[in-house]
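Commentary on secondary and tertiary structure
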Amino acid sequence: VTITTRLLVSHLSGIRHYEKDITKVKEEKEKANRALKLTKSHQDKEQKEKEGKGIEKSDCVKQKKEHDSGTKSRNSKPGRNDKEFEQEEYYLKEKFESVIESLKIFKNDPLFFKPGDQFLYSTHGFTLLSAVVERASGQKFTDYMLKMFRDLDMLSTVLDDNEAMIYNRARCYIYNKKGRLVNAPYVDNSYKWAGGGFLSSVGDLLKFGNALLYSYQAGQFKNRKGNLLPGYLKPGTVAMMWTPVPKTEVSWDRDGKYAMAWAVVEKRQQYGCCRQQRHYASHTGGAVGASSVLLILPEELDPAALATWPVAPPRGVIVTIICNMQSVSLNSTALKIAREFDKEKRAQ
């Protein structure tokens, strides 16, 4: 088979995640699909009932449901029923000197499906992707990334190296089997630098989001007297990264599809005066003792006004949350925050 970098970055490679048993993976996916179908059928039934009575389905009803589900999530103890973190490979303590060396963890395991046929989120797929970067650049992957972070002015973003003295490093926590808060166990993340091996701050992630949003929008402001600096990436590159890829799915946002290392929701409205979807990109992060999210909601720009636009890009709302607690769902919270700020900007 042929595995391309595009398949790797969209999790379509067939390379396994932490679970080695394909039967268990299929069972979990079937459960998730059944739950999603039940949710959608219930929503469709409600919509038809409302339409039959001549009543529009109001946003406040949906917001209440989202609030109720969010309350339930906040009140439940994270990590207690999370099977994801039962996988042994999350707790590896072996130190790997290079990403090429860490490929030994999974390189002899069978693919779960033919590359390109199905979606399966895979941290190991990103390890292989980092090995491609290492060979293509001629540098150690970690050196390559740290230089990039410096270029982006992300000076607080470093390797999650246990031995290094890192200023303001946070302590991580989990709930044990008795539901008590305890320190997270010792792990060595050198086997997955690309998939979860860096430490950062909300300030640095905001800079990262701004750099991407600026790059995405810079091409639209090209008539501004030629005094606009280019983005770190080409506008077309970010647009490609934020274009949904067929056959993908997103576990943390049922409106979205996976793109290239990002979950993306496209702009959409099916019916007048009904629910609207804004275009945004996001990604959550989960590690032993930590959770995070970065969400980018670009401003909808008026093409007619771009030539005389008073303020340069980036234009939009960026929300980033990092917490030192395992298995905390943050995407819906980030989206609510982004919508509130966006609503405030529109009202001004």
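It should be noted that the structure appears before, not after, this text.
Conventions adopted
Residues numbered from 1 in each chain as written. Predicted model: local features only at pLDDT ≥ 70, side-chain atom pairs only at ≥ 80, totals over all residues. Heavy atoms only, no water. Helix = DSSP H or I, 4+ residues; strand = E, 2+ residues; numbered from the N terminus. Buried < 20%, exposed > 50% of the residue type's maximum accessible area, 1.4 Å probe, protein only. Areas by Shrake-Rupley, 256 points an atom, 1.4 Å probe, with all protein chains shown as cover. Arc of directions from axis to C-beta. Contact = heavy atoms within 4.5 Å. Pairing = 2+ DSSP bridges. Axes fitted to C-alpha atoms, helices over the stretch in contact; angles between N-to-C directions. Core = buried A, V, L, I, M, F, W, Y, C linked by side-chain atoms within 4.5 Å. Domains from an automatic or database assignment. Salt bridge = Lys/Arg side-chain N within 4 Å of Asp/Glu carboxyl O. Polar contact = N/O pair within 3.5 Å; in protein donor to acceptor, adjacent residues only side chain to side chain.

Turning our eyes to something else, we now look at the overall build of the protein. Assigned secondary structure in the protein consists of 10 helices and 9 strands. Here the protein holds 348 residues, and the buried ones make up 37% of them. Within the structure as shown, the protein displays about 21000 Å² of accessible surface, and the carbon and sulfur contribution to it stands at 53%.

Time to look at helix α6 (residues 141-151). Since the α-helix advances by 3.6 residues per turn, residues separated by three or four positions end up pointing in the same direction. Within the sequence span of α6, burial applies to Phe141, Thr142, Met145 and Phe149. Considered in projection along α6, the buried side chains sweep an arc of 95° and stay on one side of the axis. Turning to α6, the residues buried within the fold contact α4 (99-102), α5 (123-137), β1 (158-159), α7 (193-196) and β4 (198-199). Trailing α6 by a residue or two, aspartate 153 shows a phi angle of about 65°, which is positive.

Time to look at the sheet that holds strand β6 (residues 263-265). As summarised here, the arrangement of the 5 strands in space is β5-β6-β7-β8-β9, forming an open sheet in which the pairing is antiparallel. Looking along the sheet, the strands with just one partner apiece sit at the ends: β5 (257-258) and β9 (316-323). Here strand β7 (residues 280-287) runs beside strand β8 (residues 290-298); their pairing, made up of 7 bridges, is antiparallel. Each residue of the ladder has a partner; that of threonine 284, found in β8, is valine 293. Taken strand by strand, helix α8 (residues 202-218) contacts β8 and β9, and its axis lies near 150° from that of β9.

Of all hydrophobic cores here, the largest spans 40 residues; its most connected members are Leu212, Met241, Trp242, Trp262, Val264, Val288 and Ile296. Those elements that provide at least two residues to this core are α1 (5-9), α5, α6, α8, α9 (235-241) and β8. When residues of this core are assigned to domains, at least three map to each of domain 1 (1-39 + 81-199) and domain 2 (200-347). With residues up to four places along the chain from it excluded, the contact list for methionine 241 reads Leu212, Leu233, Ala259, Met260 and Trp262.

This brings us to the pattern of salt bridges. By the definition in use, this model includes 16 salt bridges. Between glutamate 89 and arginine 16 there is a salt bridge, and its shortest N-O distance comes to 2.7 Å. Residue glutamate 89 is found in the loop between α3 (59-75) and α4, and its partner arginine 16 is found in the loop between α1 and α2 (22-52); the two are separated by 73 residues along the sequence. Of the two residues, glutamate 89 and arginine 16, both sit in the buried class. When the shortest N-O distance is used, the salt bridge between arginine 346 and aspartate 342 registers 3.2 Å. Here the residue arginine 346 and the residue aspartate 342 both occupy positions in helix α10 (residues 331-347), the gap between them amounting to 4 residues, near one helical turn. Since its relative accessible area comes to 54%, arginine 346 is described here as exposed. Since its relative accessible area comes to 11%, aspartate 342 is described here as buried. Salt bridges sharing partners connect three or more residues here, namely Lys267, Arg278, Glu300, Asp342 and Arg346.

Relative to the assigned elements, glutamine 87 resides in the loop between α3 and α4. Only 3.0 Å separates the side chain of glutamine 87 from the side chain of glutamate 19, close enough to count as a polar contact.

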